[in-house]
Amino acid sequence: MSKIFIILLFILLNPLVTNIPAEANDDNTDQQEPPSGMEIVTVGNGQQLVLPKGTKMRKIGAQLIIEDNAEYVAERIWNLEKRVKKLEETNEELKKQVQELKNPAP
């Protein structure tokens, strides 16, 4: 009889002694900093995605289609080439202006 009493006492007291609530704390998810060159995008019901900055997304029906790496890299290289070309043109214009300023005025 004493073994049954000890087992019942253990069963009844165990939840009272070991009841430590474990809750997920979502407060720090808003404070997380993404790695450099990345951004956090919130979609749907608060689901967060870490994507490269400038990644294009589109929604077709219930599907969220995210631009794949090859498209992203190709577009970035294309944009960088356009920027370099524009900077080279600006550099040439500035060189011409400096040359004109170096020449003595008549």
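Residues numbered from 1 in each chain as written. Predicted model: local features only at pLDDT ≥ 70, side-chain atom pairs only at ≥ 80, totals over all residues. Heavy atoms only, no water.

(A) Spatial organisation of the overall build of the protein. The number of helices and strands found in the protein is two helices and four strands. Classification of the 106 residues of the protein by burial places 6% in the buried group. Here the analysis covers contacts within the protein between residues at least 6 apart in sequence; of these, 0% occur between residues at least 24 apart. (Helix = DSSP H or I, 4+ residues; strand = E, 2+ residues; numbered from the N terminus. Buried < 20%, exposed > 50% of the residue type's maximum accessible area, 1.4 Å probe, protein only. Contact = heavy atoms within 4.5 Å.)

(B) Representation of the side chain of Glu67 in the model. Position of Glu67 relative to the elements: it lies in the loop between strand 4 (63–66) and helix 2 (69–102). For Glu67, which is buried and forms no salt bridge, the nearest opposite charge comes from Lys56, at a distance of 5.4 Å. Setting aside residues no more than four positions away along its own chain, Glu67 makes contact with Gly54, Thr55, Lys56, Tyr72 and Glu75. (Lys, Arg positive; Asp, Glu negative; His and termini not counted. Salt bridge = Lys/Arg side-chain N within 4 Å of Asp/Glu carboxyl O.)

(C) Local environment of a nonpolar patch on the surface. Among the surface-exposed residues, Ile4, Ile7, Leu8 and Ile11 lie close enough to one another that they form a single nonpolar patch of about 400 Å² accessible area. Secondary-structure assignment places Ile7 in helix 1 (residues 2–18). (Patch = residues over 30% accessible without salt bridge, like charges linked within 9 Å, V, L, I, M, F, W, Y side chains within 5 Å. Areas by Shrake-Rupley, 256 points an atom, 1.4 Å probe, with all protein chains shown as cover.)

(D) Up close: the pairing of strand 3 (residues 57–60). Strand direction decides the pairing type here: strand 3 and strand 4, joined by four bridges, are antiparallel. Pairing of Met57 across the sheet is with Ile66, part of strand 4. Taking the residues between adjacent antiparallel strands as the criterion, strand 3 and strand 4 are bridged by two residues, where Gly61 takes a positive phi near 65°. (Pairing = 2+ DSSP bridges.)

(E) Structural detail: a negative patch on the surface. On the surface, Glu88, Glu89, Glu92 and Glu93 cluster together into a patch of negative charge. Considering the arrangement of structural elements, one finds Glu92 in helix 2. Here Glu92 falls in the partly exposed class, since its relative accessible area comes to 43%. (Charge placed at Lys NZ, Arg CZ, Asp CG, Glu CD.)

(F) Spotlight on the pairing of strand 1 (residues 38–43). Note: strand 1 against strand 2 (residues 47–52), six bridges, orientation antiparallel. Within the sheet, the bridge partner assigned to Ile40 lies in strand 2 and is Val50. Counted between consecutive antiparallel strands, the loop separating strand 1 from strand 2 contains three residues, among which Gly44 sits at a positive phi close to 60°.

(G) The environment of Glu39, seen in detail. Relative to the elements of secondary structure, Glu39 occurs in strand 1. What makes Glu39 partly exposed here is its relative accessible area of 29%. The contacts of Glu39, once residues within four sequence positions are left out, are Pro34, Leu49, Val50, Leu51, Pro52, Lys53, Gly54 and Thr55. Of note is the side chain of Glu39, whose polar atom sits 3.4 Å from the backbone nitrogen of Gly54. (Polar contact = N/O pair within 3.5 Å; in protein donor to acceptor, adjacent residues only side chain to side chain.)

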